[in-house]
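# Structural overview
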Amino acid sequence: MIDFHCHLDLYPDPNAIVERAESEGIGVLSVTNTPSAWQGTSKLAVSKPTIRTALGLHPQLAKQRKHELRLFDELLTHTEFVGEIGLDGTPPYRPFWQDQLDVLDHILKSCEAAGGKVISAHTRQAVVPFLERLSIYPGAGLAILHWFSGTKGQLTQAIEADCWFSVGPSMLAGAKGRDLVQAMPRSRVLLETDGPFAQLHGAPLSPWDVTLAIRPLADAWQMEPDGALAQLTLNEQVLKTSARALNPGRAVGR
Ligand code: MN
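Here we summarise the structure given alongside this text.

On to the coordination of the manganese ion. Within the protein, His5 (NE2), His7 (NE2), Glu84 (OE) and Asp194 (OD) serve as the donor atoms for the manganese ion, at 2.3 Å. Motif for the manganese ion, donor spacing along one chain: H-x1-H-x76-E-x109-D. Pair noted here: histidine 7 is in the loop between β1 (2-6) and α1 (14-23) and glutamate 84 is in strand β4 (residues 81-86), with a separation of 77 residues, a long-range link. Here glutamate 84 falls in the buried class, since its relative accessible area comes to 2%.

Here it is in structure tokens:
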């Protein structure tokens, strides 16, 4: 299994998390919140082929870190994965909306110029504007909307825009999340933890906790956990094939 959205660099002991994830056979899309965090975080993945480090600039940091976009562009040639990026329309971040749009536009344009990337996106209270920006840069790549929390109507729009979705134990612990996941195409669902931010029963999630999402997902899909696991494994393979198609000749992962 792969955790498609985890902040490895933000655990107290990232190396211990990496070692255990590897020993449990859990792959990680290791997202970063700032370009300046990418190099240090990517060192965690040295000689760990199942860990990939994504280059990000979190929308909540758009104003403070927009000066790092130059560094973003310099580093972009080193990775096929981008995240965490996106837009946040909640009240604390609304005052910096224009900064968020400027940063997202820059990033999507750079991704398009680079031939397309696999993108892990934050779209809290911002699904429609995010999809609008994505439509302006159709070559930006393959977007995985992480912890989708919009409306059913917005979900339909995201599906029509060919987005994928990463869902985790925290999202599936709530009725809204379970309702949304039922409306997602099964073939476009991946797992995530969003650890260490996301918690379950008061404890931060770790990459191997993606397995906790299998049972609620199986219930939502009205099948046995083995069936859900098979679907998720297939989805991971399709995603990797799509990622390779974005960047022929480049190793994307096993
Ligand atoms: Mn996150």
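Before going further, it helps to examine unusual backbone geometry. The step from glycine 83 to glutamate 84 runs through a cis peptide bond, and the omega angle for that step is 10°. For the bond from glycine 195 to proline 196, the omega torsion is -5°, close enough to zero to count as cis. Looking at where proline 196 falls in the secondary structure, it is placed in the loop between β8 (189-191) and β9 (199-200). Positive phi, close to 45°, is recorded for tryptophan 147, a residue that is not glycine. Within the secondary structure, tryptophan 147 sits in the loop between β6 (141-146) and α7 (152-160). Despite not being glycine, glutamine 222 shows a phi value in the positive range, around 55°.

Okay, the environment of glutamate 84 next. As for glutamate 84 and valine 128, which are separated by 44 residues in sequence, their C-alpha atoms are 18 Å apart. Not counting residues up to four positions away in its chain, the partners in contact with glutamate 84 are His5, His7, Val31, Thr32, Asn33, Gly56, Leu57, His58, Ser120, His122 and His146. A distance of 3.2 Å separates a polar atom in the side chain of glutamate 84 from a polar atom in the side chain of histidine 58.

The next subject is the sheet that holds strand β2 (residues 27-30). The three strands are arranged β1-β2-β3 in an open sheet whose pairing can be described as parallel. The open sheet is flanked by β1 and β3 (51-53), the only strands paired with a single partner. Shown here is a sheet whose adjacent strand axes are inclined to one another by a mean of 15°, direction ignored. In this structure, β1 lies alongside β2, joined through three bridges in parallel fashion. Following the sheet pairing, aspartate 3 is matched in β2 by valine 28.

Turning to the pairing of β2, a few remarks are in order. By the alternation rule, side chains of β2 split into Gly27 and Leu29 and Val28 and Ser30, which are all buried. This β-α-β element, β1 to α1 to β2, shows right-handed connectivity. Pairing between β2 and β3: three bridges, direction parallel. When the sheet's bridge partners are listed, serine 30 is paired in β3 with threonine 53.

The next subject is the sheet that holds strand β5 (residues 117-122). Spatial strand order, β4-β5-β6-β7-β8: five strands in an open sheet with parallel pairing. Strands at the two margins of the open sheet, each flanked by one partner only, are β4 and β8. Going from strand to strand, the sheet's axes swing by 30° on average, the running direction of each strand aside. Taken together, the three bridges between β6 and strand β7 (residues 164-167) define a ladder with parallel strand orientation.

On to the state of the cysteines. Per the stated rule, a full pass over the model turns up zero disulfides. Summary of cysteine pairing: cysteine 111 is not part of a disulfide, and the nearest cysteine sulfur, belonging to cysteine 163, is at 14 Å. Judged by relative accessible area, which is 0%, cysteine 111 ranks as buried.

A few words now on α1. Looking at α1, one finds that the buried residues are Pro14, Ile17, Val18 and Ala21. Buried residues of α1, viewed axially, fall in a sector of 100°; they line one side. Packed against the buried residues of α1 are β2 and β3. Note on α1: the residue one or two positions beyond its end, glycine 25, has a positive phi of about 75°.

Rules used throughout
Residues numbered from 1 in each chain as written. Predicted model: local features only at pLDDT ≥ 70, side-chain atom pairs only at ≥ 80, totals over all residues. Heavy atoms only, no water. Donors = N, O, S within 2.8 Å, 3.2 Å for Na, K, Ca; no water. Helix = DSSP H or I, 4+ residues; strand = E, 2+ residues; numbered from the N terminus. Buried < 20%, exposed > 50% of the residue type's maximum accessible area, 1.4 Å probe, protein only. Contact = heavy atoms within 4.5 Å. Polar contact = N/O pair within 3.5 Å; in protein donor to acceptor, adjacent residues only side chain to side chain. Pairing = 2+ DSSP bridges. Axes fitted to C-alpha atoms, helices over the stretch in contact; angles between N-to-C directions. Right-handed = clockwise from strand over helix to strand, strands pointing away. Disulfide = S-S within 2.5 Å. Arc of directions from axis to C-beta.

Honestly, that's just the spatial picture; any functional story needs more than this.
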